[in-house]
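# Summary of the model geometry
This is what each chain is made of:
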Amino acid sequence: MAMTSRERMLTALDNKRPDRLPCQVHGWMDYYLKTYLGGADWYEANRRLGFDYAIYVSPTYRYEPETLEKWQVKTVDLGTDADGNHTHEEFITTPGGTLHKVVSRNAFTAWDTEPLLKTIADFELWDRYSPEPSGADLSEIARVREKLGDLGIVRSHPFSPGQGSPWQSFCTLFGTQEAILLGMDEPETLHHILDAILAKTLKATRFWEGARTDMVEVGGGAGSSTVISPEFYREFGLPYDTAQNRLFHEIGLKVVNHFCGGLMPMLELAVESGADGLETMTPPSMGGDCNLAEASKRVGDRLFFIGGFDQNAGFERGNPALVRRMVFDCFEATRDHAGYIIAPSDHFFFGDLANLKAFTDACKECVY
């Protein structure tokens, strides 16, 4: 019997087999929507191309005025360079001193060219004065859930100063290489920092009670085995991810760990963290190491998967016939073990619409 998109995706998130292979994108990029779809929004893009919907929305947090007064942000425009990169700097004034960062942006994305934190003293300023919410408004999540109906699922991101999990967030704030060296040279200092980030995350997460989201995305590329070793993750990632995942489960939400990069040495660690699923299952052709069939056999009875499709080879450089073969390869690799939602391995900015339509058409042929 045919399922609705929502039933299909939720069945995969329960690590069971739906009627056929569900498919999503890992968020629509504005560049792609404007360039290829005439400025369509996420709902229209999913409808036109036949995807199961995954809409991302998170709580809106409330802050006490006196908290915000201690964190004053001034932005200074630094202009645009010859390559079209627009840059600005931010000065954050607190009662204890000033923090500074530089951010660049182009047509595709934004990135920090100078991290906010350069020293442990900077971290202590951040820890003392960065605003912590006093509550959360969950109404936008509820509105999106009602709008979606049976079309798909709602995904959310945790409260975090960077992305996903304490280790990933600190790398965003401090720089990945610098964070790794700190862990090697001063492990107690890094644990102190991660404890503080986790405490802020857990405090805000308790405001999520009653949120009508289906899944929370934790983790990030800094936890991948192409960045750190399993041993380093066991010390500086696993304890914090486990605590975070446990609280989301207590609230009643599923958790997907986002390892965009190497993950094969991390599979059992992801299970140990209490995550329900893994993404982005990035193949070697895109710089990851995922062997979908092997991953499915090793941990598919305990984790669902999202991702696995090489969008560079398929969407950007491929053709409909190639895309169809690639979809079937992913399906066959996972069909006997893991609940699976096929998706591009993270974001994409280019790709012929015919290739995307071939992707969703092929998924409809992949019947369990």
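Definitions and limits used
- Residues numbered from 1 in each chain as written.
- Predicted model: local features only at pLDDT ≥ 70, side-chain atom pairs only at ≥ 80, totals over all residues.
- Heavy atoms only, no water.
- Helix = DSSP H or I, 4+ residues; strand = E, 2+ residues; numbered from the N terminus.
- Rg over C-alpha atoms; globule rule 2.2 N^0.38 Å.
- Buried < 20%, exposed > 50% of the residue type's maximum accessible area, 1.4 Å probe, protein only.
- Contact = heavy atoms within 4.5 Å.
- Areas by Shrake-Rupley, 256 points an atom, 1.4 Å probe, with all protein chains shown as cover.
- Lys, Arg positive; Asp, Glu negative; His and termini not counted.
- Charge placed at Lys NZ, Arg CZ, Asp CG, Glu CD.
- UniProt positions renumbered as here; feature names shortened; annotations may be inferred.
- Axes fitted to C-alpha atoms, helices over the stretch in contact; angles between N-to-C directions.
- Left-handed = near helix turned anticlockwise from the far one by under 90°.
- Nonpolar A, V, L, I, M, F, W, Y, C, P; charged D, E, K, R; others polar.
- Pairing = 2+ DSSP bridges.

- An unreviewed UniProt entry lists the protein under the name Uroporphyrinogen decarboxylase (URO-D) domain-containing protein, from Victivallis vadensis.

## Notes on the overall build of the protein
- Secondary structure summary: the protein contains 16 helices and 13 strands in total.
- In terms of C-alpha radius of gyration, the protein reaches 21 Å, essentially the compact-globule figure of 21 Å for 368 residues.
- Taken over the C-alpha atoms alone, the protein extends approximately 60 × 45 × 40 Å along its principal axes.
- Counting every position in the protein, which comprises 368 residues, the buried fraction comes to 54%.
- Put simply, of all contacts in the protein between residues at least 6 apart along the chain, 72% involve residues at least 24 apart.
- Carbon and sulfur atoms provide 50% of the accessible area of the protein, an area that totals close to 15400 Å².
- Between the averaged position of the 35 positive side-chain charges in the protein and that of its 53 negative side-chain charges there is a distance of 7 Å.

## Quick notes on the UniProt feature "domain: Uroporphyrinogen decarboxylase (URO-D)" (unreviewed entry) in the protein
- Those residues carrying the UniProt feature "domain: Uroporphyrinogen decarboxylase (URO-D)" (unreviewed entry) are residues 140-365 in this numbering.
- End C-alpha atoms of residues 140-365 are separated by 35 Å, and the span's content is 51% helix alongside 13% strand.

## Considerations on the packing of helix H7 (residues 166-174) against helix H8 (residues 176-185)
- Between H7 and H8, whose axes approach to 7 Å, the crossing angle comes to 115°. For the pair H7 and H8, the sense of crossing is right-handed. Along its contact with H7, which presents Trp167, Phe170, Cys171 and Phe174, the element H8 presents Thr176, Glu178, Ala179, Ile180 and Leu182.
- A class-by-class count of the residues in the contact of H7 with H8 yields seven nonpolar, one polar and one charged.

## Re the sheet that holds strand S4 (residues 86-94)
- The four strands are arranged S3-S4-S5-S6 in an open sheet whose pairing can be described as antiparallel. The sheet terminates laterally at strand S3 (72-80) and strand S6 (110-114), the two strands that pair on one side only. Across this sheet, the average inter-strand angle for adjacent strands is 30°, counted without regard to direction.
- The pairing of S3 with S4 spans seven bridges and is antiparallel. Following the sheet pairing, threonine 80 is matched in S4 by histidine 86.
- Sheet contacts for helix H5 (residues 120-129): S4 and strand S5 (97-105); angle to S5, the most-contacted strand, approximately 95°.

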